[in-house]
Amino acid sequence: GENVEQHPSTLSVQEGDSAVIKCTYSDSASNYFPWYKQELGKRPQLIIDIRSNVGEKKDQRIAVTLNKTAKHFSLHITETQPEDSAVYFCAANSGNEKLTFGTGTRLTIIP
Amino acid sequence: GAVVSQHPSWVICKSGTSVKIECRSLDFQATTMFWYRQFPKQSLMLMATSNEGSKATYEQGVEKDKFLINHASLTLSTLTVTSAHPEDSSFYICSARGVVSYNSPLHFGNGTRLTVT
């Protein structure tokens, strides 16, 4: 089955700086890679996703890049703000309906 | 669109009792729903795939007789934790896709925090 690794597990960034979270996956059949943001005690919320037919996608301060050859994808948050503090999860499907999640990154934005 | 509602938000029960959690798709029909479990400070682990009108598919290591899943309609799936024990205390979250496509987002319910005393 799919195995998704995520790094780092914790990340502290000065407000206004950029944050980068990286994930690798094992199944070359994976073709969908979403990123979720989860605040304490709440449901995961989709923030951006990318499909395997593109290498990069951007939505305002958030961008995701995908390298299919190396089987890794990354989340980039620019101009970070205190409300960006949360736990972020990457995920990958295995070309099927299931999503396998990474282990999560706790992002803290330092004012 | 693609709103998933889950109930209850939290429940406390005594060891040995059973608890039922409901997951509803409010504005779409979901032939498939997914049940995840999340322990504190850990990732989301898929427990089972709930299929409307048929038996659920459980992930390896998940006891199907302990975690009963029923998906009787296109908008409702239920998870029953039978004979709950303290180690079953966790955050249970259901999810579904608004469209039938493997490369589309999963939308999550608000989760149920189960505490077994």
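**Student:** Describe the interface of chain B and chain A, naming the residues involved and giving the relevant values.
**Tutor:** Chain B puts 24 residues into the contact, and the matching count from chain A is 22 residues. A buried area of about 1,800 Å², summed over both sides, lies between chain B and chain A, and 54% of it is on carbon and sulfur atoms. Sorting the residues of chain B by area buried against chain A places B:Tyr102, B:Asn103 and B:Phe108 first, and these three jointly supply 30% of that buried surface. At the boundary of chain B and chain A, one finds one salt bridge.

**Student:** Describe the pairing of strand β3 (residues 19–25) of chain B, listing the residues and the values that go with them.
**Tutor:** All names here are of chain B. Burial of β3 is one-sided: the residues Val19, Ile21, Cys23 and Ser25 facing one way are buried, the residues Lys20, Glu22 and Arg24 facing the other way are not. Here strand β1 (residues 4–7) pairs with β3 via four bridges, running antiparallel. Residue pairing for β3: His7 is matched across the bridge by Glu22. Here six bridges tie β3 to strand β8 (residues 76–81), and the two strands are oriented antiparallel to one another. The residue bridging Ile21 from the neighbouring strand is Leu79, located in β8.

**Student:** Describe the state of the cysteines, and please don't skip the residues or the numbers.
**Tutor:** Taken as a whole and judged by the stated rule, the model has two disulfides over all chains. Here A:Cys23 is linked by a disulfide to A:Cys90, with a sulfur-sulfur distance of 1.9 Å. Looking down the S-S bond of the A:Cys23 and A:Cys90 bridge, the torsion is -100°, so its handedness is left-handed. Taken together, the residues A:Cys23 in strand β3 (residues 19–25) and A:Cys90 in strand β9 (residues 86–93) connect sequence positions 67 residues apart. Accessibility classification places A:Cys23 together with A:Cys90 in one group, the buried group. Paired through a disulfide, B:Cys23 and B:Cys94 show a sulfur-sulfur distance of 2.0 Å. With the S-S dihedral at roughly 85°, the linkage between B:Cys23 and B:Cys94 falls on the right-handed side.

**Student:** An account of the sheet that holds β1(B) is needed here, citing residue identities and associated values.
**Tutor:** In sheet architecture, strand pairing relies on hydrogen bonds along the backbone and comes in two forms, parallel and antiparallel. Residues and elements named next belong to chain B. Taken together, the four strands give an open sheet; going across it, the order is β1-β3-β8-β7, and neighbouring strands pair in antiparallel fashion. Edge positions in the sheet fall to β1 and β7 (67–73), since each has one partner strand and no second. Each adjacent strand pair in this sheet contributes to an overall mean axis angle of 15°, direction not counted.

**Student:** Explain unusual backbone geometry to me, using residue names and the numbers behind them.
**Tutor:** Glycine aside, residues mostly have negative phi, and peptide bonds are mostly found in the trans state. Here A:His7 and A:Pro8 are connected by a cis peptide whose omega angle stands at -5°. Structurally, the position occupied by A:Pro8 is in the loop between β1 (4–7) and β2 (10–14). Across the junction of B:His7 and B:Pro8, the peptide omega takes the value 0°, indicating a cis bond. Locating B:Pro8 in the fold gives a position in the loop between β1 and β2 (10–13).

**Student:** Requested: an account of the environment of B:Tyr36, with residues and values cited.
**Tutor:** As for its position among the elements, B:Tyr36 is in strand β4 (residues 32–38). For the pair B:Tyr36 and B:Val116, spaced 80 residues apart in sequence, the C-alpha separation works out to 18 Å. In contact with B:Tyr36, other than residues within four places in its own chain, are A:Leu99, A:Phe101, B:Leu44, B:Met45, B:Leu46, B:Met47, B:Phe91, B:Tyr92, B:Ile93, B:Ser95, B:Leu106 and B:Phe108. A distance of 3.0 Å separates a polar side-chain atom of B:Tyr36 from the backbone oxygen of A:Leu99.

Each value, and the rule that gives it
Residues numbered from 1 in each chain as written. Chains lettered and ligands numbered in written order. Predicted model: local features only at pLDDT ≥ 70, side-chain atom pairs only at ≥ 80, totals over all residues. Heavy atoms only, no water. Contact = heavy atoms within 4.5 Å. Buried area = accessible area lost by both parts, 1.4 Å probe. Salt bridge = Lys/Arg side-chain N within 4 Å of Asp/Glu carboxyl O. Buried < 20%, exposed > 50% of the residue type's maximum accessible area, 1.4 Å probe, protein only. Helix = DSSP H or I, 4+ residues; strand = E, 2+ residues; numbered from the N terminus. Pairing = 2+ DSSP bridges. Disulfide = S-S within 2.5 Å. Axes fitted to C-alpha atoms, helices over the stretch in contact; angles between N-to-C directions. Polar contact = N/O pair within 3.5 Å; in protein donor to acceptor, adjacent residues only side chain to side chain.

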